[in-house]
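Reading the structure
The primary structure of each chain is shown beneath.
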Amino acid sequence: MTPDVTVIPERSGTAFRLSKGAALTVIDPNGEQVADLLAYNADDVGEVISSGRTLDYAETIRLTTGDKLYSNRSRPMLTIVADDVGRHDFLLTPCSIDTFLHFYPDLPPHRGCFGNLAEALEPYGIGPDQIPVAFNCFMNVPVDGETGKLRVLPPTSKAGDTITLRAEMDLIIGLTACSAPDSNGGSFKPIHYKIDAG
Ligand SMILES: [Zn+2]
């Protein structure tokens, strides 16, 4: 691990500023681990990453290098500039205690990415009701083109795989090491990230 890499321990999350022009690289150090990513305009947190806008403009749910992630105000927030995996999800909300009660009633409930993001974003004045669908790095959610049925399968990411996104405005980023069993191949691993100033 290089010194400029920050570790997000398993089943936790963080938030930080990302300046316009800087590049955020999200690293899956062990493979098969999801990282939920949120973005807010650092100058006005009412502007937030939008799955609906992004998928509409991209005309695909399979976002990868060259695609932009848009805000609710239709402005580019992030551009994917490198991607080892090519399989991410932008359909599903962060896992939460309700996710655990719904899908895993026999497991001890966990506050999940939603609870981790809510705590990490609170110092920036961002409340839980301002948490939208996250861009879920490395999350593998195939959709049956005929029936529309979704599945949540283990990520296809291998140890050391990365995705890099360039900030198109000054941002507050929320980022997790996801807590849901099915999303992560049944085990919980850390996520690493690094920031390269533009
Ligand atoms: Zn999660």
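Whatever comes next refers back to the structure up there.
Right, let's walk through the structure included here. Source: prediction; values computed, not measured. (Residues numbered from 1 in each chain as written. Predicted model: local features only at pLDDT ≥ 70, side-chain atom pairs only at ≥ 80, totals over all residues. Heavy atoms only, no water.)

Re the packing of aromatic side chains
Taken as a whole and judged by the stated rule, the model has 5 aromatic pairs. When the centroid spacing of 4.8 Å and the interplanar angle of 70° are considered together, the rings of Tyr57 and Tyr70 count as edge-to-face. With Tyr57 in helix H1 (residues 51–58) and Tyr70 in strand E6 (residues 68–70), this pair connects stretches of sequence that are 13 residues apart. In textbook terms, an aromatic cluster arises when at least three aromatic residues are bridged by ring pairs, as seen for Phe100, Phe103 and Tyr104. Directly above the aromatic system of Phe188 lies the positively charged group of Arg11, at a separation of 3.9 Å from the ring centroid. (Phe/Tyr/Trp six-rings, centres within 6.5 Å; stacked < 30°, edge-to-face > 60°. Helix = DSSP H or I, 4+ residues; strand = E, 2+ residues; numbered from the N terminus. Lys NZ or Arg CZ within 6 Å of the ring centre and 35° of its normal.)

Remarks on helix H3 (residues 112–121)
Across the 10 residues that make up H3, a large majority, 8, are buried. The inward-facing, buried residues of H3 contact strand E2 (13–18), strand E4 (35–41), helix H2 (97–103) and strand E10 (171–176). (Buried < 20%, exposed > 50% of the residue type's maximum accessible area, 1.4 Å probe, protein only. Contact = heavy atoms within 4.5 Å.)

Side note on unusual backbone geometry
Unlike most non-glycine residues, Arg11 shows phi in positive territory, near 55°. Along the chain, the position of Arg11 falls in the loop between strand E1 (6–8) and E2. Assessed through its relative accessible area of 24%, Arg11 is described here as partly exposed. Here the phi dihedral of Ser74 falls at roughly 65°; this positive angle occurs in a residue that is not glycine. Secondary-structure assignment places Ser74 in the loop between E6 and strand E7 (76–83).

Topic: the pairing of E7
As defined by bridge partners, E6 adjoins E7 across 3 bridges and the pair is classed as antiparallel. Bridging across to E7, Tyr70 finds its partner in Pro76. Once E6 ends, the chain turns through 5 residues before running back antiparallel as E7, passing Ser74 with a positive phi of about 65°. (Pairing = 2+ DSSP bridges.)

A word on the coordination of the zinc ion
Only Cys95 (SG), Cys113 (SG) and Cys178 (SG) from the protein reach the zinc ion as donors, at distances of 2.2 to 2.3 Å. In this structure Cys95 comes out as buried when scored by relative accessible area, which is 7%. (Donors = N, O, S within 2.8 Å, 3.2 Å for Na, K, Ca; no water.)

Looking at H1
Of all the residues in H1, the buried ones are Ser51, Thr54 and Leu55. One face of H1 carries all of its buried residues, which in axial projection span an arc of 90°. Residues of H1 that are exposed and point over 90 degrees away from its buried face: Gly52 and Asp56. Lining the buried residues of H1 we find E6. Of the residues flanking the end of H1, it is Glu59, one or two places downstream, whose phi is positive at about 60°. (Arc of directions from axis to C-beta.)

A look at the pattern of salt bridges
Overall, the coordinates contain 6 salt bridges when judged by the stated rule. The partner of Glu47 in a salt bridge is Arg75, and the shortest N-O contact between them spans 2.7 Å. In this pair, Glu47 is assigned in strand E5 (residues 44–48) and Arg75 in the loop between E6 and E7, connecting sequence segments 28 residues apart. Given the relative accessible area of 1%, Glu47 is considered buried. Given the relative accessible area of 40%, Arg75 is considered partly exposed. (Salt bridge = Lys/Arg side-chain N within 4 Å of Asp/Glu carboxyl O.)

Topic: the sheet that holds E1
Across a sheet, strands are paired by hydrogen bonds formed along the backbone, either parallel or antiparallel in direction. Taking strand neighbours across the sheet as the criterion, the 6 strands line up as E1-E11-E3-E9-E7-E6 in an open arrangement whose pairing is antiparallel. Of all strands in the sheet, those with a lone pairing partner are E1 and E6, marking the two edges. Taken over all neighbouring pairs, the strand axes of this sheet differ in orientation by 25° on average, direction set aside. (Axes fitted to C-alpha atoms, helices over the stretch in contact; angles between N-to-C directions.)

Side note on a nonpolar patch on the surface
Side chains of Ile61, Leu91, Val143 and Leu150 sit close together on the surface and give an oily, nonpolar patch of about 270 Å² of accessible area. Relative to the assigned elements, Leu91 resides in the loop between E7 and H2. Given the relative accessible area of 32%, Leu91 is considered partly exposed. (Patch = residues over 30% accessible without salt bridge, like charges linked within 9 Å, V, L, I, M, F, W, Y side chains within 5 Å. Areas by Shrake-Rupley, 256 points an atom, 1.4 Å probe, with all protein chains shown as cover.)

Just geometry here; none of it tells us what the structure is for.
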